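Per-entry structural report
One letter stands for each residue in the lines below.
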Amino acid sequence: MAELEMAAKTHGVGVFLELRKRLQSGLLIVGKDVARSPTDVVVSGGDSSLLVCTPRGELSLTLPAGVSFEPGSCVPTPAGESCGEELHFRLRVSVKPSTEEEASDNVMETLRAKETYCFHCQGCMTRLLEDRVFKRVLPLPNGNWNALVDDWCCHPDPFAKKLLPRAEDCLLGDTFLLLNRDSSCEHTLTVEEAPVDSEDVQDSKKSCRRVALVSCKSCSSVLGEAVAPETVKLYITQVVVERAVGDREPETSPNRSLFVEKTVAARLLGLSSSMSTFHFSVQTPDGKAFLLLWLLNSDSITASVPETCVGGDSSVDSPSLHSPSPAAATVLKLLYTSCSDTSIQQRDIVDSWEANAIGHAVVLPLKVCEELLEVIEDSNSTLPASMRRMRSYEVAYLRL
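The sections below set out a description of the structure shown in this document.

In this section: the overall build of the protein. The helix and strand tally for the protein stands at eight helices and 24 strands. Within the span of the protein, comprising 400 residues, buried residues form 44% of the whole. Considering only contacts in the protein between residues 6 or more positions apart, those separated by 24 or more positions represent 66%. Split by element, the accessible area of the protein, about 21,300 Å² in all, is 51% carbon and sulfur.

Quick look at the environment of Val368 now. With respect to the helices, strands and loops of the structure, Val368 is situated in helix H8 (residues 366-381). For the pair formed by Val368 and Ser257, sequence separation is 111 residues and the distance between their alpha carbons is 9.8 Å. Excluding anything up to four places from it in sequence, Val368 contacts Thr237, Gln238, Arg256 and Val260.

In spatial order, the strands read S11-S12-S13-S17-S16-S15-S14; together these seven strands make up an open sheet with mixed pairing. Where the open sheet ends on each side, the last strands, each with one partner, are strand S11 (136-139) and strand S14 (189-193). With strand direction ignored, the average angle separating the axes of adjacent strands in the sheet is 30°. Pairing of strand S12 (residues 169-172) with strand S13 (residues 176-180) involves three bridges; the strand directions are antiparallel.

Another aspect to go through is the environment of Pro71. Within the secondary structure layout, Pro71 lies in the loop between strand S6 (67-69) and strand S7 (75-77). Along the primary structure Pro71 and Val43 are separated by 28 residues, whereas in three dimensions their C-alpha atoms are 8.2 Å apart.

Definitions and cut-offs
Residues numbered from 1 in each chain as written. Predicted model: local features only at pLDDT ≥ 70, side-chain atom pairs only at ≥ 80, totals over all residues. Heavy atoms only, no water. Helix = DSSP H or I, 4+ residues; strand = E, 2+ residues; numbered from the N terminus. Buried < 20%, exposed > 50% of the residue type's maximum accessible area, 1.4 Å probe, protein only. Contact = heavy atoms within 4.5 Å. Areas by Shrake-Rupley, 256 points an atom, 1.4 Å probe, with all protein chains shown as cover. Pairing = 2+ DSSP bridges. Axes fitted to C-alpha atoms, helices over the stretch in contact; angles between N-to-C directions.

Pasting the structure below:
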């Protein structure tokens, strides 16, 4: 049944491209429904573009600035077990070093002291707090430090205490912000206790901590938790943080799936760079592992065009075959395993990660974990069959 559902979700891939900026090389995959043999495919390059000519028509892929195809470098390569469905080509690209730093949308990198910020609900773009000017923007200790106290000491929390922000502080966790509540919160936020999991109630070893959930009063989206009477925890996947510029009205709410995808991808990249870790355990606030992620690389550029969007039934010379140029995107390449997968191979991976304490904990609300898994599975379903799995893991790309 699961295989049938996966087959129904899988899109027929017409053309798939993955370039590696560091290696200055790439892989081009063309489905056999688009071209039957390597001689049917001609690849050429333009100004930051890649032109793929097939019997079905011409497809122009827009590449990032500074990335260009090296003429004559595209050669066929074995497709392995997928040779009956796909044609594989290796190619080379040249990458010019950029002198300009790309502007980051990652809230953890953009927040600065002595700047004015406004906070909006990502779901409905309601302003949640009065504009804030922070005197201090400080990182919190590693997200696991408080939990490790139990392993270090024979008494619960003998010296650890909550680190809470002052009135003009912003404390940065791995996936959340700690802020001081202000009077505007009474009009924009609601606080209510979350129900305790029935399994936790039956387990006498677990402390049934009542979590006070913070929600948007306008759309009821859960934004975070009230960790203290005067402190609110807001998850970065639930809020839009912007610099306050005059009386500018907030833009429309960003696409939810894309917002979650890019926010989580930027955070994984930031944690990997700062902590030199490539394994992440996506967990719910109660500490339950939901998804295991293994970051392979962050320099990939990909473009995927469904078979139905490549050309048409007319001749190659027909202008109607020239499709709009799909843009290649910079992405993170991940291996992943869902902790709810009941297959033997996946359970072995999950048990191994847990036994060896592999994976930096990335805590997100349960609904966000489910949204992230859906984004990742959608990414996997758009890949050519030969690219969907690596060893016992599944493969996905997250846009940056």
